[in-house]
Amino acid sequence: VLFRSAIDRPIAALLSDLEQRGLLQDTLVLWGGEFGRSPQDQGSSGDGRRHNNTGYSMWMAGGGVRGGMQYGTTDELGEKAVSGRLSTHDLHATMLHLMGFDHERLTYHHSGRDFRLTDVHGKVVHEILS
């Protein structure tokens, strides 16, 4: 039996509704969290919910994202990204690109340094674009 979380059906309904209304191709949907969770204990709680910032999943749908593909993998325990590692700067640059913005043009100079939403890093990950 495949385990499904309480959020699976509402997410499927949202995506289905957007697609039926012809809005999915123009709507970027992002699902993620601030960090991953692993089955090991973090402390004395015994609940097996250790924070994990080295290998976690996010997904995007619609809005110019190529459907039905996976970018990157973790090790066999889901502990650490081993391929297709995506930095926060790259994720933000890609999201801005999907919304029609060139993240490099959103640069301003202040106190002798260039600043932008993606800092002075970030590259668009074209492999996930449709």
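A brief look at the structure comes next. Every value quoted in this text rests on a predicted model; they were computed, and no experiment measured them.

1. Points about the environment of T107
Phase 1 of the analysis: Summarising the element assignment, T107 is placed in the loop between α2 (88-98) and β7 (108-110).
Phase 2 of the analysis: By relative accessible area, T107 is classed as partly exposed at 31%.
Phase 3 of the analysis: Beyond its immediate chain neighbours, meaning those up to four positions away, T107 contacts D114, F115 and R116.
Phase 4 of the analysis: Polar side-chain contacts of T107 include one of 2.7 Å to the backbone oxygen of E104.
Phase 5 of the analysis: Here R116 takes part through its side chain, which lies 3.4 Å from a polar atom of the side chain of T107.

2. Examining the nonpolar core
Phase 1 of the analysis: With ten residues, the main nonpolar core is built from M60, V65, L91, A93, M95, L98, V124, V125, I128 and L129.
Phase 2 of the analysis: In terms of residues, this core owes the most to one element, α2, which gives four residues.
Phase 3 of the analysis: Non-local contacts of L98, meaning those with residues more than four positions away in its chain, are made with L28, M60, G63, G64, V65 and L129.

The rules behind each value
- Residues numbered from 1 in each chain as written.
- Predicted model: local features only at pLDDT ≥ 70, side-chain atom pairs only at ≥ 80, totals over all residues.
- Heavy atoms only, no water.
- Helix = DSSP H or I, 4+ residues; strand = E, 2+ residues; numbered from the N terminus.
- Buried < 20%, exposed > 50% of the residue type's maximum accessible area, 1.4 Å probe, protein only.
- Contact = heavy atoms within 4.5 Å.
- Polar contact = N/O pair within 3.5 Å; in protein donor to acceptor, adjacent residues only side chain to side chain.
- Core = buried A, V, L, I, M, F, W, Y, C linked by side-chain atoms within 4.5 Å.

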